[in-house]
Amino acid sequence: MSAPQADPPAWVVDPAMPGENLPPSGRSLFDRLFAVREKGVEGHETAGYDIPFPFTKLLTRLDTQLKRDPNSLLYPAKRVLIPLGRSLQRTAAAPDYFLFPRVVVAVDSPPSVPSGLLLKDRLYIGYQEKSDVLEVISYNESAGRFEFQLVKNYRAGAKPQVFYANRTLCYACHQNGAPIFSRALWDETNANPKVAALLSASGKDFYGIPPERGVDIPYAIDIAIKRANGFALTQRLWQEGCGGADRPALRCRAGLFTAALRHALSDGRKGTVAPAQSDSNSTLFRAEADRRWPGGLAIGASDIPNRNPLQDLGSGPDDIARRISFSHVPALFEPLTRRSSQEIWRADTADAIDRITGGLAEFVSASDRQRLVDALAARPAQSIQYHAPCRMTPGASRWSVGCQPGDGNSGLKLTATLDKTRAHGRVETRNQSPGGRLERLTLPASGAFNSIALMSSAPRAGERDTFTPDNKPLPRGADGNPLVRIAFQVSPGKPDDGEVLIEMREEFPAVEQAVTALAEGPDGPALVPVAPVLQGFYPYCATCHQSAETFPPNFLTGTASQVEAQLRQCAPRLYVRLSMADQTPEHRNKTPMPPESLLPAFGTDIAGWRASPARAALLAQVGNWLRAETGKTPDLTLLLAGGYEALRPCLPTQRPATNPSPR
């Protein structure tokens, strides 16, 4: 007998299924950054764009949105020059490639203000001056995907026009539905000395971008793009990995979200002791993920082979035909070439849970983390204390301290150097010293802390020397709790022996309690529907309609009573959208909901959804609401007699949406 065939992995993003060109919900971050309201005909407002020109102004606009690293000379929005690249615009500047190089811009910095848009790893712009086009890839938080857009007529004296691009065309190269970049050493960019020399020889200013640059900028872009390509896996695992909308699934998601917040606060630090509440959630998540994807999930590759277009070129050729030939891209380097997956995610691997919690943490912005830290610091909290015996070895100006666990101790290990001198038989802090440095501290529940500057602080009774971390915010362990104090006590008669006390502030249980209450509470935000009549809507509608945005209508956001009122308000439109699955495509007044392109994510297809008990139950419930309101059985023809847009909106205060882009 032949061995049973292993299940093939499913693609996280199937390059053969790019989805609709227009967003199924929400808007791209590029739209949110540059879209404006304009006065139209007869004073009516219409949607438009305010895109700065020339390109230097656009770069300045981007940089002002972003937080600048005080320890770096690099701009917050990273940019490189690529005269001989592999984009669709590769021949636009021929033969003057080094006079008009393509610019690639990637945002890898947090917002400059807490209320700013989270553009980090989520906005990428390509600019080719000779074609008057911006190519834009930016994230859509509501739809959970990257959007592909083109800005045409981007030139002096013209009004730029913004279009959502043909996703099928874009996916031919962007096979993971996200930005791509070459592998090191990024020889197409101005990090290549030959490329930089030819750009410099042109004597032209390239939008304020220095031609000669090392590999630091393309490296930063490469890292940002790798993070961006992880978003699709995170979204897939978050939406489907715990199952549907029953209580165990919601508890599982609450557990993942709690773990993600813990990961974000602790900068990914890992302890040897896992939080007790994580075991059941991990078991459910692994079992559900293994059931859905027995062969695992294939993650598309974000990088393409490094290519040096000037490999055999001694100097810039004068012959135009020869110069044009350097834009040729051999098949080996062509981004259109089908790429295999870069890895397979499996539910049974040791890091399966770490991947989802670490990925979710990428969606917690730095400003959100800071708000959470401030809220936790303002709450009363108990302290957790750890002790261990220490050996203090004096030096000329510093003490070396080593602490190891004793019998029955908690596993604390510490090494530090303290800027101290021995004077008059006791330990004194030198006035010119800030205190010292914690080289390494290991705690079972908190993980390892490395290289933390220490400040001297006032000792308490029985303590000889006390220090606090010279870090703002305070470093946090894998358990989410901050390290607040380190105190030493010298043994009587043994000045080189003593004990260390490590104090952690037990703050994170408040987060766990809040998330649990959110998931379990009957009147919390509608993470958990409490009425059976509402439960059926969440698995199929929540992805688009449970958000902070009012477009598309967020009728699944709010308390249980609010959600039911909003669903009743939306009943006519819901009835139409659910009924459209019964109509042949040529007779449909509107597209069915959920969109047919999303049905595979629900484990079904067009025929399966049309005949599914779940759709029948939703249609029956909406029909019951309409019957209770009007006293009549709803009739699809009568509902659409005045046109779909004449039906009352799903939210009482909602106005019809207008798409800002030409279609």
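Residues numbered from 1 in each chain as written. Predicted model: local features only at pLDDT ≥ 70, side-chain atom pairs only at ≥ 80, totals over all residues. Heavy atoms only, no water.

(A) Local environment of the overall build of the chain. The number of helices and strands found in the chain is 19 helices and 23 strands. Counted over contacts in the chain with a minimum sequence separation of 6, partners at least 24 positions apart contribute 64%. Split by element, the accessible area of the chain, about 31,700 Å² in all, is 54% carbon and sulfur. (Helix = DSSP H or I, 4+ residues; strand = E, 2+ residues; numbered from the N terminus. Contact = heavy atoms within 4.5 Å. Areas by Shrake-Rupley, 256 points an atom, 1.4 Å probe, with all protein chains shown as cover.)

(B) Structural detail: the packing of helix 6 (residues 231–240) against helix 10 (residues 352–361). Their axes nearest at 9 Å, the elements helix 6 and helix 10 cross at an angle of 110°. Viewed along their axes, helix 6 and helix 10 adopt a mutual orientation that is roughly perpendicular. Once helix 6 is placed against helix 10, the crossing between them reads as left-handed. For the pair formed by helix 6 and helix 10, the contact residues are L233, T234, L237 and W238 on the first element and R355, I356, G359 and L360 on the second. Grouping the amino acids of the contact of helix 6 with helix 10 by side-chain chemistry returns 5 nonpolar, 2 polar and 1 charged. (Axes fitted to C-alpha atoms, helices over the stretch in contact; angles between N-to-C directions. Parallel < 35°, antiparallel > 145°, perpendicular 65-115°, else oblique. Left-handed = near helix turned anticlockwise from the far one by under 90°. Nonpolar A, V, L, I, M, F, W, Y, C, P; charged D, E, K, R; others polar.)

(C) Seen up close, the sheet that holds strand 6 (residues 123–128). Strand order in this open sheet of 6 strands is 4-5-6-7-8-9, and the pairing throughout is antiparallel. For this open sheet the edge positions go to strand 4 (77–82) and strand 9 (161–164), each flanked by a neighbour on one side alone. Looking at each pair of strands side by side, their axes are set apart by 20° on average, direction ignored. Across 4 bridges, strand 5 (residues 102–107) lies against strand 6 in antiparallel orientation. What sits directly across from V105, in strand 6, is I125. Along the sheet, helix 2 (residues 55–64) contacts strand 4, strand 5, strand 6 and strand 7 (133–140); its crossing angle with strand 6, the most-contacted strand, is approximately 170°. (Pairing = 2+ DSSP bridges.)

(D) Unusual backbone geometry, seen in detail. Look at the link from F53 to P54: it is a cis peptide, with omega at 5°. Relative to the assigned elements, P54 resides in the loop between strand 3 (45–49) and helix 2. Phi at D267 is positive, roughly 55°, even though this residue is not glycine. Within the secondary structure, D267 is located in the loop between helix 7 (247–265) and helix 8 (278–292). Classification of D267 by relative accessible area gives exposed; the value is 69%. The phi dihedral of S451 is positive, around 50°, even though this residue is not glycine. For S451, the location among the structural elements is in strand 20 (residues 447–457). (Buried < 20%, exposed > 50% of the residue type's maximum accessible area, 1.4 Å probe, protein only.)

(E) Representation of the environment of L261. As for its placement among the helices and strands, L261 is situated in helix 7. Taking the relative accessible area as the measure of exposure, L261 reaches 10% and is therefore buried. Residues L261 and L372 lie 111 residues apart in sequence; the distance between their C-alpha atoms is 9.3 Å. Excluding residues within four positions of it along the chain, L261 makes contact with V364, L372, F508, V511 and V515.

(F) Main features of the packing of aromatic side chains. Here the structure, examined in full by the defined rule, presents 20 aromatic pairs. Between Y139 and F231 the ring centres are 5.3 Å apart and the planes differ by 70°, which places this aromatic pair in the edge-to-face class. With Y139 in strand 7 and F231 in helix 6, the pair connects residues that are 92 residues apart, well separated along the chain. Each member of the pair, Y139 as well as F231, carries the same accessibility label: buried. In this structure an aromatic cluster arises from ring pairing among F53, F55, Y127, Y154 and Y207. K130 extends its terminal NZ or CZ atom over the ring of F100, reaching a point 4.7 Å from the ring centre. (Phe/Tyr/Trp six-rings, centres within 6.5 Å; stacked < 30°, edge-to-face > 60°. Lys NZ or Arg CZ within 6 Å of the ring centre and 35° of its normal.)

(G) Just the environment of C544, in detail. Counting through the fold element by element, C544 comes out in helix 14 (residues 538–545). For C544 and S142, which are 402 residues apart along the polypeptide, the C-alpha to C-alpha distance reads 6.4 Å. Excluding residues within four positions of it along the chain, C544 makes contact with S25, S142 and P552.

(H) Structural context of the pattern of salt bridges. With the rule as written, the count across this model stands at 37 salt bridges. Two residues, R371 and D368, come together in a salt bridge whose shortest N-O distance is 2.3 Å. Of this pair, R371 and D368 are both found in helix 11 (residues 366–377), 3 residues apart, which corresponds to roughly one turn of the helix. For the salt bridge of R648 with E629, the shortest nitrogen-to-oxygen distance reads 2.6 Å. (Salt bridge = Lys/Arg side-chain N within 4 Å of Asp/Glu carboxyl O.)

(I) Local environment of the sheet that holds strand 14 (residues 383–394). The strand order 14-15-16-19-20-21-22-23 describes a closed barrel built from 8 strands, whose pairing is antiparallel. On average, adjacent strands in this sheet sit at an angle of 30° to one another, irrespective of strand direction. Across 6 bridges, the pairing between strand 16 (residues 413–418) and strand 19 (residues 435–443) is antiparallel. Within strand 19, the residue paired with L414 across the bridge is L441.

(J) Quick look at the pairing of strand 16. Of the pairings in the sheet, the one linking strand 15 (residues 399–403) to strand 16 comprises 5 bridges and is antiparallel in character. Its bridge partner being in strand 16, G402 is matched across the sheet by T415.

(K) Representation of the confidence of the model for the chain. In this model, the chain carries an average pLDDT of 86, and 89% of its residues clear a pLDDT of 70 or more. The model gives residues 523–529 a pLDDT under 50, and that stretch makes 23 contacts with residues more than four places away or in other chains. (pLDDT = per-residue confidence, 0-100.)

(L) The arrangement of the state of the cysteines in detail. Applying the stated criterion to the full structure yields 3 disulfides. Across the disulfide, C242 is cross-linked to C252 (sulfur-sulfur distance 2.0 Å). Across the S-S bond linking C242 and C252, the dihedral sits near -60°, which makes this disulfide left-handed. Separated by 10 residues along the polypeptide, C242 in the loop between helix 6 and helix 7 and C252 in helix 7 bring together distant segments of the chain. Its relative accessible area of 0% is what places C252 among the buried residues. Here C570 engages in a disulfide with C650; their sulfurs sit 1.8 Å apart. Residue C570 is located in the loop between helix 15 (560–569) and helix 16 (571–579), and its partner C650 is located in the segment after helix 19 (636–639); the two are separated by 80 residues in the primary sequence. On the basis of relative accessibility, which here comes to 2%, the residue C570 falls in the buried class. (Disulfide = S-S within 2.5 Å.)

(M) Region of interest: the nonpolar core. Ranked by size, the top nonpolar core spans 80 residues in total, and within it F30, I51, F55, I125, L134 and W345 carry the most contacts. Excluding anything up to four places from it in sequence, L134 contacts I51, F55, L58, I125, G126, Y127, Q149, L150, V151 and Y154. Core analysis: the second largest hydrophobic core is formed by 32 residues, W625, L626, L647 and C650 among them. (Core = buried A, V, L, I, M, F, W, Y, C linked by side-chain atoms within 4.5 Å.)

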